[in-house]
Amino acid sequence: MHRVILPLFLLAIFSIKAQTKQEKALIAITGKVIDKDSGQPLEYATFVMQEVDDPSKVTGGITDDHGTFQLKVMPGKYNVRVEFISFNTYSLNNQSYYAPTDLGSIALEPDVAQLENVEVIGEKTTVEIRLDKKVYNIGKDITTSGGNVSDALNNIPSVAVDVEGAISLRGNDNVRILINGKPSALAGFGSTDALRQLPADAIEKVEVITSPSARYDAEGTAGILNIVLKKEKTLGMNGSINGTIGYPFNARATTNFNLRTDKFNIFNTLGYFHRESPGGGLFDNTYSEGLYDRIIENRDISRNDDGFNLNLGMEYFLNQKSSVTGSFFYRISDENDLTENNNQRFTGSNMESQTFRSENQGEDDNSFQVSFNYTNNINKNGHKLTADFQYSYDDESILTEINEDRVVPTSALLAREDIIESETQDDVLAQIDYVLPMGEAQFEAGYRGNFEKETNDYQLDTLNQNTGNFEINRDLTNTFTYHENVNALYTQYGNKFGKFSFLLGLRLENTQMKGSVDSDIDSQALEQMLGVDVDLNFDKNYLGLFPTLNLILEISEAENVSLGYNRRINRPRGWFINPFPSRSSRTNVFQGNPDLDPAFSNAFDLGYLKRWGKLTFTSSIYYQRETNSFDRVQEETGEVTSDGIRIIRSIPINLSTNERMGAEAGTIYNPAKWLRLNSSFNFFRFNSEGRFNNVDYGAQNTSWFARFSSKFTLPPKIDLQVNSFYMGPRKNAQTESKGIYSMNLAMSKDLFKDNATISANVSDVFNSRRRKSFTETAFFTSDSEFQWRKRQLYLSLIYRFNQPKERRQGNNQRSNGEDEGEF
C-alpha cells in the first residue's frame, strides 16, 4: 500500500507547489469604468482580457456599483475590451502586462452612431437599467419647477400620484417609499404628506424597483421607490439659491450649499415654504332606510400651511479606502386646514333641513433624523464593507374643532366636538452590508434591523348642551401603543456569462408586531359596543423567506430581455390595527382591525427593450398573486345620530386572494434637435376575492393610465414643455371611479451665462384633476366629486454659484435603452 500512497503524496506536494507558484505569478489588473459625459461609474460593465498568443484564452469580469474591477492574470500580452450597452466599446490591443497595473479611469462614450449628437445642458432625465431596478436621474423637468417631491414622482413612468397624494406603482398603492435607500422621517411615517414639504429640485434620482433584489426590505407588494437626494461631488465651494412664488399664494425658498476638499465634504440644504391650497368636493348620498332619503354635501377646503426643513451632513475621508458620514435632518410644519360643509337633507323631493358643519384642524409636526455611515472599500475590485445606523423621531399634535349647526328650518346647535390627537414614532435602524467579488462573480450578504414604536393618543370631547361644558367621550378615548420589530438577513450572488447576467438572492425576515390599548373600557365592553370580537393586546410573530431572481439577456447592444421574480410582504400598521374607533364626523367611523395578518405576494416581471436609431421602445409584462390581501370596506353600524343620520363604519379586512396582471410600454422619440417626445402606457387588471360578515367583497377591475411629454426648444433658447396624464376608470368591491385627465405646461430661459434659470409653469392647466366616484352598498349610495388642489401657477428663479449646469453629450441612453427624456 505504501508504494501507492508515497507516489500520490509526492504528486500532491508537487501539484500544490506548482499551483502556489502559479498563483504567485498572477498579476492584478485594476481600474474603473465611468460615463465620459457625467463622470458617473458604470455598474455591470464588462471587462475582457484576451491573450494575444492564444485568442481562445479569455478571462473577464463585471464592474461593481462603484464601476471598479480587478482581474488576476498571468503576465503576457493581451487585447483589452470594455463593453456597456448603449456605449462605444473601448479597446486596447497588443498590450504588455508583466507587473500589477492600474488602468485608472476608463471613460466610455455614448454610441453616437445610434444616438443623435445633441448638446443637452442639464435638460434631461437619464434612465439606467440594472439587474434589479430602473434608475431615473432627475434632470431639468421644468414642469416641476417650484413643485415638491410628489410632483416629481408623478412624472416617473409606472408611478401615479392621485388627487390626495397617494402614490401607486403600476396601479398598486402598496409601494414602499425609501429615502437614500432607507425608511426615513423625510418620507413621513405611514403617510406621504411629508413628501409635499420637500422641493423637487432636492432629488438627484429616483430608483423604480419593481423586482427588488434580496438587499432590499421585503416590505411593499407593489415594489419600492427609492428617492436619492442630491449630494454635490465637485471639489470646492458651490451651491444654489432657489425662490418660487405661486397662485393661489405659494412661496418657497431653498438653498443648497456644498464644500468639498480632499479630506471632507460638507453638504447642506435649507428650505422654507408657505402653501395655500384650496380644494373641495360634492357628495350626493342616498339611503335605503333612515330618517332621510338623501343628503347632499357641498364641501369647501382652505389650507394655510408653513414648513421649514434642514439637512446638514459631512463626509470625512479617513483614507483613500474608507470614509464616515454623519447627517442630521430636521423638519417642522404648522398646518391649518378649514373644511366647511353645507348639507341639504331630503325626504323624497322635499328638503327637510339644512345644516352647516365646520372643521378647523391645526397640526404641528416636528421630525428629526440622525444618520451615520461607515464605508470601507477594502480594495479596488469592489470588495467592500458598509455599516449604517439611523434614528428617526416624529411628533404630531392635531387639534380638530368641529361645529355643526342646523340653519333650516330653524337655527340650532346640533353638536360641538374637539378631537385631540397626539402621535409619536421612534424608529431605529441598524444595517451592515458586505460585498465580495469572486472573479467574474459577486457575492453579497448583510443584516438589517428596523425597530419602530408608535404611540397614538386619541381623545374626543363633546359639548354637553345642558351644562355648557365639554365632556370626555370615554367610549372612544384611548392610547394605542404599537411595536414593530423586523430583523433580516440576506445573501445574494450575481454573475455574467457572455451576454447573460443573473442575480439570485434570499432574504430571511422575522417580524414581531405588538399592540396594547390603554382605555377606560375593557375588551368585553368594546366587543359589545362594536358587535365584533377584538383583542386589545396582541403579540404576533412571523418568520418568512423571500427569494429573488433577476435575469438579463443582451441580444445585442440595442436589444435585451429581462426576467424577474420576487416574494414580498405587506404588513398592516398604525391605525389599521388600532381596535378603537376614531371618527372624522358624527356619521363616519373608522375602526382598525388587530386581527389583520400580513399579506404575501409572488410577482413575475418579463421585460423587453429595442432601439431603432432615434426611437426607443421598452415594455414589460407582469403578474402578481397576493394572499391575505387587505382593503377597507364600509358597513352599517345599526346606530343613528341624535338627528337621525345613520352611522357608517369603515374597517380593513383580509381578503383571500388578489391577482394582478398587466403590461406597460414606453417610447422615446427624438425626431429633431429641437423636439423630444416621450410616452408611456400601463394596462392592468386585478381580481380580488373575499367575504366579511356574510357579504361578498370580491371584485374585478380593468384599468390603465398613460402619460405623454413633449419638449420644444424655441429659437431664442427658450424651452417649452407639455406633460399630459390620464388615469383610466377603476373600481373595487364597493366604489367605481371615473377617469382623470390633467395637463401641466411650463417654459424656462437660462440667464447670466447659464448661472441662473427662470421658469414659469401651470399645474393642472384645465383644472380637471378631480376624482369622480360612485359607491354602492346594501344600505346607501354616494355619488361624489373631490378636488384636493385647484390649478396652480408658479414662477421660479434659481441662481447657481460655482456650480455650472451639467453638460451632457447626446441623449445618453442606458442599458434599458431609454434616453434622457422628460417624464
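Rules of the game
Residues numbered from 1 in each chain as written. Predicted model: local features only at pLDDT ≥ 70, side-chain atom pairs only at ≥ 80, totals over all residues. Heavy atoms only, no water. Helix = DSSP H or I, 4+ residues; strand = E, 2+ residues; numbered from the N terminus. Buried < 20%, exposed > 50% of the residue type's maximum accessible area, 1.4 Å probe, protein only. Contact = heavy atoms within 4.5 Å. Areas by Shrake-Rupley, 256 points an atom, 1.4 Å probe, with all protein chains shown as cover. Core = buried A, V, L, I, M, F, W, Y, C linked by side-chain atoms within 4.5 Å. Patch = residues over 30% accessible without salt bridge, like charges linked within 9 Å, V, L, I, M, F, W, Y side chains within 5 Å. Salt bridge = Lys/Arg side-chain N within 4 Å of Asp/Glu carboxyl O. Pairing = 2+ DSSP bridges. Axes fitted to C-alpha atoms, helices over the stretch in contact; angles between N-to-C directions.

Novice: For this particular structure, what's the right way to read the overall build of the protein chain?
Specialist: Helix and strand counts for the protein chain come out as three helices and 50 strands. Counting all 823 residues of the protein chain, 53% fall into the buried class. Taking all contacts inside the protein chain whose residues are at least 6 apart in sequence as the whole, residues at least 24 apart take part in 68%. For the protein chain, the accessible surface area stands at approximately 35700 Å², while carbon and sulfur atoms represent 55% of it.

Novice: Where do I start with the nonpolar core in this structure?
Specialist: One broad trend across soluble globular proteins is that nonpolar side chains are buried collectively. One finds Leu153, Ile167, Leu225 and Ile227 to be the most contacted residues of the largest nonpolar core, which totals 23 residues. Breaking this core down by element, the ones donating at least two residues are helix 2 (149-153), strand 11 (159-161), strand 12 (167-169), strand 13 (175-179), strand 14 (203-209) and strand 15 (223-229). Leu153 has contacts with Val159, Val161, Ile167, Leu195, Val206 and Ile227, leaving out every residue within four places of it along the chain.

Novice: Would you mind showing me how to read the environment of Glu554 here?
Specialist: Among the secondary structure elements, Glu554 is positioned in strand 29 (residues 538-556). When the C-alpha positions of Glu554 and Phe500 are compared, they lie 6.4 Å apart, and in sequence the two are 54 residues distant.

Novice: Help me understand the environment of Phe317, please; the structure alone is not making it clear to me.
Specialist: Among the structural elements, Phe317 can be located in strand 20 (residues 294-317). For the pair Phe317 and Thr375, spaced 58 residues apart in the sequence, the C-alpha separation amounts to 9.5 Å. Leaving out residues up to four positions away in the same chain, Phe317 has contacts with Arg260, Thr261, Asp262, Lys263, Phe264, Asn265, Ser322 and Ser323.

Novice: Just to check I follow, could you spell out a nonpolar patch on the surface for this structure?
Specialist: A surface patch of nonpolar side chains, about 420 Å² in accessible area, is lined by Ile245, Phe249, Ile758, Leu795 and Leu797. Along the polypeptide, Phe249 turns up in the loop between strand 16 (236-247) and strand 17 (250-260).

Novice: So what exactly am I meant to see when it comes to the sheet that holds strand 7 (residues 101-108) here?
Specialist: Across a sheet, paired strands are connected by hydrogen bonds in the backbone, their directions being either parallel or antiparallel. Ordered in space as 4-1-7, the three strands form an open sheet in which the pairing is mixed. Of all strands in the sheet, those bounded by a partner on one side alone are strand 4 (68-73) and strand 7. With strand direction ignored, the average angle separating the axes of adjacent strands in the sheet is 20°. Of the strand pairs in this sheet, strand 1 (residues 27-35) and strand 7 are connected by six bridges, and their pairing is parallel. The residue of strand 7 that forms the bridge with Asp35 is Leu108.

Novice: Sorry if this is basic, but what is going on with the sheet that holds strand 3 (residues 58-62) here?
Specialist: Strand order in the open sheet formed by four strands is 3-2-5-6, and the pairing between neighbours is antiparallel. Looking at strand neighbours, the two that pair on one side only are strand 3 and strand 6 (90-97), the edges of this open sheet. Taking each pair of neighbouring strands and ignoring which way they run, the sheet shows an average axis angle of 20°.

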